[in-house]
Structure formats: structure tokens, C-alpha cells
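Coordinate analysis (summary)
Each chain, letter by letter, is given below.
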Amino acid sequence: MDTLFFWCSKLIWAIASPDHLLLFAITLACVLFGLGRYQSAKRLLTACVLTFWIIALIPIGHWLLAPLESKFPVNPPLPDHIDGIIMLGGNEKIEASIKWQQVELKAYTERALAFMRLARQYPDAKRVFAGGSGGLKTITNSEADIAAQLFQEQGLDISNIQFERNSRNTYENALLTKKLAKPKTGEFWLLITSASHMPRAVGVFCQADWPVTAYPVDHWTTPSQQVKLDFAFAEHLEQFVYGTREWLGLAGYYFSGKTSELVPKTCIKS
């Protein structure tokens, strides 16, 4: 069932991603034009152009991401002792790293920066990196392999880090990491991931009976830009796509029973 869920989620996202929908709509308009259905083609093309301008001028993606990024406090107060630190992968470019023989990372590198800083701040804490590959192609290397190279190059002793290399999504991150780390009742564990992804991540870990404290990083939004209008089509489209992905992910996880709330706010299990 986990594999079926993984493949279905990939298929649904390939269809439902806003940028893909716009491409499908424009393609359909061209087909209608070729079939001589000029009025239908004109209406659809007009709708696409209007949508482009709305995205270019209005920060819709910002509005989607802001509620998710505000669910957990930034830089939460931490105790003197922490039992473990978990970082969820996702910012590692596996194939590019293999091709160029050096660590290649995506935009949300803050996860790794926070993990390395906290690992040095709490040298006695257990350290776990969770990430295999979320791609459809079977590849030998994983996000964990790239992260291990990064941490080693930045001076961390990777012999003290546990690497979970087989997970393909957030749900598998929680289940497989729990089997690897074997957390004990009452332990204090930090979870590091992007702020907009944190509600889904916390919900999955709690559903797996692993209470964690959120340490969100990598914020896309700023409060001062909630109603800001500017001409930034590429930036707005990227935020719109990312925000849509997170909300669809939350819905999919909730209705499949992988989280107990549509937008998890805290871990209430003990």
C-alpha cells in the first residue's frame, strides 16, 4: 500500500501542479484552434492569459504558504539537554552531485545549516538524517549519501550520525527513521525541515507515536508581504506551485490516515 500511495501521489501531482495545468490548458487551446473550434479556443486562451497576469501581480503562493509557516514558532527555546536531532532530506541534488562529483543542493539549504549548527551545539545528542530518493527512477545513491558527504566536508564526524537511506516521502521518513533511531518514551527530539512542510512532517511523526519538537527553517514568506502587489511572474508561480503541493500533500496524508489532522499544529501524543 505504501508503494501504491507513493506512485499515486506522483501521478496526481504531475497532473494537478498549477504550472502543468496551465501548460495542458494552452495545449488544449491550440488543439481546439486546429480543430476549427475558434470560440472555445479563444475563451480558453483568454482564461490562460488572465491567469498568467493574476499570478504575475498577486502573491497567491504567499497566501498559501503563510498559514503553514506560522504554525510553529521560529527558534523555539531549547533545553540544556536534547536527546536527538532529526533532519529531513530533500535539498540534495542526487544526480547532479554524482555527475559533477561534488555536493549539489537545492534552494532550501537551511535544513542542513541548522542541523550542523545544532549538532555542534548539542554534541551528545543523537543525530539522524532521513532521506532516500523521492524520484521515480531507481538510482544507486540517495539523499543520505549526498548529505553524508556535505557533513563530512563541513567538519562533522559522520560516524556519530545515523543515515536513513530508503524513505521516498515524509511518511516513510517517520516510519523508517523510528525503526533506525529507536527513540525512548520521554526523550526530547528536534525535527528540522522547511517551515511550510513542518505541519505535515509533525503530523506524520506524531501519528507514528513519536512526539517531536518542531524546528522550522527555510521560510518562503515574510509578514510584510501579505498584501504586496508586484510584477514577479516566475517567483509568484514558483511559490504558487510549492504552496499547492504542500496543501495537496496535507490533504492526501489526512484522508489516507497518515495524519490525524488536516493541518497538524502540535504533537499531542505522549
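Described below are features of the structure shown in this document.

Conventions and cut-offs
- Counting from 1, residues in each chain are numbered in the order their sequence is written.
- The model is predicted, so local features are restricted to residues of pLDDT at least 70 and side-chain atom pairs to those at 80 or more, both for listing and for counting; the totals for chains, interfaces and linings are taken over all residues.
- As a rule here, side-chain values cover all heavy atoms of the structure and leave hydrogens and water aside.
- Here a helix means four or more residues in a row that DSSP labels H or I, a strand means two or more in a row labelled E, and each is numbered from the N terminus.
- Only C-alpha atoms enter the radius of gyration, while the globule expectation follows 2.2 Å times N to the 0.38, with N the number of residues.
- A simple rule labels every residue: compare its accessible area, found with a 1.4 Å probe on the protein chains alone, to the largest value its type can have, and call it buried under 20%, exposed over 50%, or partly exposed in between.
- Any two residues whose heavy atoms approach within 4.5 Å are treated as being in contact.
- Accessible areas in this description were obtained via Shrake-Rupley with a 1.4 Å probe; residue shielding takes into account the shown protein chains only.
- Definition used in this section: a nonpolar core is a set of buried Ala, Val, Leu, Ile, Met, Phe, Trp, Tyr and Cys residues joined via side-chain atoms within 4.5 Å.
- One fewer than the residue count of a helix, multiplied by 1.5 Å, yields its expected span.
- Criterion for a salt bridge: a side-chain nitrogen of Lys or Arg within 4 Å of a carboxyl oxygen of Asp or Glu.
- To obtain an axis, a line is fitted to C-alpha atoms, over the contacting stretch when the element is a helix, and the angle between two such axes runs from 0 to 180 degrees between their N-to-C directions.
- In this scheme, a crossing is called left-handed if the near helix is turned counterclockwise away from the far one by less than a right angle; it is called right-handed if the turn is clockwise.
- Gly is placed with the polar residues, together with every amino acid not listed as nonpolar (Ala, Val, Leu, Ile, Met, Phe, Trp, Tyr, Cys and Pro) or charged (Asp, Glu, Lys and Arg).
- For Phe, Tyr and Trp, rings pair up if their centres lie within 6.5 Å, where Trp contributes its six-membered ring, and each pair is then called stacked (planes under 30 degrees apart), edge-to-face (over 60) or tilted (otherwise).

1. What about the overall build of the protein?
Across its full length, the protein holds 10 helices and five strands. Over its C-alpha trace the protein gives a radius of gyration of 21 Å, about what one expects of a compact globule, namely 18 Å for 270 residues. Summarising its shape, the C-alpha atoms of the protein cover approximately 70 × 40 × 35 Å along the three principal directions. Expressed as a percentage of the 270 residues in the protein, the buried residues total 44%. In the protein, 73% of the contacts between residues at least 6 apart in sequence involve partners at least 24 apart. By element, 60% of the accessible surface of the protein is carried by carbon and sulfur atoms, the whole surface being about 14300 Å².

2. Topic: the environment of E95
Following the sequence through the fold, E95 ends up in helix α5 (residues 94–100). Along the backbone, E95 and F188 are 93 residues apart, and their C-alpha atoms lie at a distance of 35 Å.

3. Details of the nonpolar core
In terms of nonpolar packing, the biggest core is built from 27 residues, with F115, F151, F163 and I192 touching the most fellow members. Broken down by secondary-structure element, the contributors of at least two residues to this core are β1 (84–88), α6 (110–121), α7 (143–153), β3 (161–164), β4 (189–194) and β5 (213–217). In this view, I192 contacts I85, I86, M87, L88, R111, A114, F115, L118, M198, Y215 and V217; residues no more than four positions away in its chain are not counted. V128, A181, A201 and V212 belong to the second largest nonpolar core, which has 21 residues in total.

4. Here we look at helix α10 (residues 233–255)
Spanning 23 residues, α10 covers 33 Å between terminal C-alpha atoms, matching the ideal 33 Å at 1.5 Å per step. Those residues of α10 not exposed but buried are H236, L237, Q239, V241, Y242, G243, T244, E246, G249, L250 and Y253. Looking one or two places after α10, you find G257, whose phi comes out positive at around 80°.

5. A closer look at the pattern of salt bridges
Evaluation of the coordinates by the stated rule reveals five salt bridges. The shortest N-O distance in the salt bridge between K126 and E187 comes to 4.0 Å. Of this pair, K126 sits in strand β2 (residues 126–130) while E187 is found in the loop between α8 (170–181) and β4, placing the two residues 61 residues apart along the sequence.

6. Some points on α7
The complete set of buried residues in α7 reads E143, A144, I146, A147, A148, L150 and F151. Next to the buried residues of α7 lie β1, α5, α6, β2 and β3. With its phi angle positive at about 90°, G155 sits one or two positions after the end of α7.

7. Structural notes on the packing of helix α1 (residues 2–16) against α10
Look at α1 against α10: their axes get within 11 Å of each other, and the N-to-C directions meet at 145°. α1 and α10 meet at a crossing whose hand is right-handed. Two secondary-structure elements touch here, α1 through F5, W13 and A16 and α10 through V241, T244, R245, L248, G252 and Y253. Across the contact of α1 with α10, the residue classes tally to six nonpolar, two polar and one charged.

8. Details of the packing of aromatic side chains
Applying the stated criterion across every chain, the model contains 13 aromatic pairs. Ring plane angle 80° and centroid distance 5.6 Å describe the contact between F52 and F233, whose orientation is recorded as edge-to-face. Pair noted here: F52 is in helix α3 (residues 38–57) and F233 is in helix α10, with a separation of 181 residues, a long-range link. Judged by its relative accessible area of 25%, F52 is partly exposed. Ring geometry for W53 against F231: centres 5.6 Å apart, planes inclined by 25°, an arrangement best described as stacked. Of this pair, W53 sits in helix α3 while F231 sits in the loop between β5 and α10, placing them 178 residues apart in sequence. Residue class for W53 comes out partly exposed when judged on its relative accessible area of 47%.

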